[in-house]
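# Inside the fold
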Amino acid sequence: MTATKDIEIRAALHGKRLNALRSAPDTLVIDELGLSHAKVRIDVAVINGCVHGYEIKSGLDTLERLPNQIELYSQCLEKLTLVCAPRHTDKALAVIPDWCGLLEASKGPRGGFSFKTIRKASVNPEINAVQLAHLLWRPEALQLVSRLDLPDKKIAKMPRKELYEIIATHLSVKQITTAIPELMQLRQAWRDRPARA
């Protein structure tokens, strides 16, 4: 059997599992979203009142990097689903946290893919609100802070790290997540760029 490739699983994931979400007006589906200022990238992110990441491990991949990736993903993703080739399923279950979902991607004899839910993702109990706020670019963070009823602290000159701290202090994770897609929608050129394979 030919080993599956990342690009094949990604295309099938978009076509079969995320297609309806892609056309929803209040939802962003983003390939290769940088997290923690590009320390790590998640293969596919769905943002719609929840930041749900999908990490793909094809038949050609190993799980060597997965523990480190999970550590970073745990800081800033509300939900995480690992999408993997069947050969990784057992090992992946031993590595991923209990709240992480697992979707098995199998390639049929004619090249089509089917997905089997091994475990549904639940809400990440370890999320860090500051790291979640890092998904916002500085102008977006500034716009969000400017909506807060805060004493004038000359926020326009604040470094982005301070803005993220203010956001995390004054807003709940749910409030931050609700604001993220609204502010990201304004990145038209960024949003419409071709997805990286």
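## Section: the pattern of salt bridges
By the definition in use, this model includes seven salt bridges. Of the charged contacts, one joins K107 and E8 as a salt bridge, the two residues approaching to 2.7 Å between their closest N and O atoms. Taken together, the residues span a long stretch of sequence, with K107 in strand β5 (residues 101-107) and E8 in helix α1 (residues 6-17) at a distance of 99 residues. Classification of E8 by relative accessible area gives partly exposed; the value is 23%. With a closest N to O distance of 2.8 Å, R147 and E182 form a salt bridge. On the criterion of sequence distance, the pair formed by R147 in the loop between α6 (138-146) and α7 (160-170) and E182 in helix α8 (residues 173-184) is long-range, its members being 35 residues apart. The exposure class assigned to E182 is partly exposed, which follows from its relative accessible area of 42%. Several salt bridges converge on common partners, so that one network encompasses D6, R10, D31, E32 and D43.

## Section: the packing of α6 against α7
For the pair α6 and α7, the least separation of the axes is 9 Å and the interaxial angle reads 40 degrees. With respect to α7, the axis of α6 lies oblique. Crossing angle aside, the handedness with which α6 passes α7 is left-handed. Between α6, through R138, A141, L142, L144 and V145, and α7, the contact on the second element is made entirely by R160, L163, Y164, I166 and I167. Along the lines of polarity and charge, the residues of the contact of α6 with α7 split into eight nonpolar, no polar and two charged.

## Details of α6
Inspection of α6 places E140, A141, L144 and V145 among the buried residues, and these make up the whole buried set. Viewed along the axis of α6, the buried residues span an arc of 135 degrees, placing them on a single side of the element. At its buried positions, α6 is contacted by α7 and α8.

## Things to note about the nonpolar core
In this structure, L33, L35, I167 and I180 are the most contacted members of the largest nonpolar core, which totals 45 residues. Elements with a contribution of two residues or more to this core: β1 (28-35), β2 (40-47), α3 (66-76), β4 (79-84), α5 (129-133), α6, α7 and α8. Tallying contributions element by element places α8 first for this core, with five residues. Once residues within four sequence positions are removed from consideration, I180 is found in contact with I47, V51, L132, L135 and L136. In this structure, L13, L18, I56 and F115 belong to the second largest nonpolar core, which totals 13 residues.

## Digging into the sheet that holds strand β6 (residues 113-119)
The strand order across the open sheet formed by six strands is β1-β2-β3-β4-β5-β6, and the pairing between neighbours is mixed. Of all the strands in the sheet, just β1 and β6 have a single pairing partner and so form its edges. Each strand axis lies, on average, 30 degrees off the axis of its neighbour in the sheet, ignoring direction. Note: β5 against β6, six bridges, orientation antiparallel. Counted as the bridge partner of E104 is K116 from β6.

About the cut-offs
Each chain has its residues counted from 1, running along the sequence as written. Residues qualify for local features only when their pLDDT is at least 70, as the model is predicted, and side-chain atom pairs are given and counted only at 80 or more; totals for whole chains, interfaces and linings, by contrast, use all residues. Note that the side-chain values use all heavy atoms of the structure and ignore hydrogens as well as water. One side-chain nitrogen of Lys or Arg within 4 Å of one carboxyl oxygen of Asp or Glu is enough to make a salt bridge. In DSSP terms, a helix is any run of H or I states spanning at least four residues, a strand is any run of E spanning at least two, and both are numbered starting from the N terminus. The buried label applies to any residue whose accessible area, calculated with a 1.4 Å probe on protein chains only, is under 20% of its type's maximum; exposed applies above 50%, and partly exposed to all values in between. Fitted lines through C-alpha atoms give the axes, limited to the stretch in contact for helices. The angle between two N-to-C directions lies from 0 to 180 degrees. By definition in this entry, angles of less than 35 degrees are roughly parallel, angles greater than 145 are roughly antiparallel, angles of 65 to 115 are roughly perpendicular, and the rest are oblique. The handedness criterion is simple: a crossing whose near helix is rotated anticlockwise from the far helix by less than a right angle is left-handed, and one whose near helix is rotated clockwise is right-handed. Pairs of residues are marked as contacts when any of their non-hydrogen atoms sit within 4.5 Å. Each residue is assigned to one class: nonpolar for Ala, Val, Leu, Ile, Met, Phe, Trp, Tyr, Cys and Pro, charged for Asp, Glu, Lys and Arg, and polar for all the others, Gly among them. It is the directions from the helix axis to the C-beta atoms whose arc is reported. Here the nonpolar core consists of buried residues drawn from Ala, Val, Leu, Ile, Met, Phe, Trp, Tyr and Cys, with membership extended through side-chain atoms lying within 4.5 Å. In short, DSSP must find at least two bridges between two strands for them to pair.

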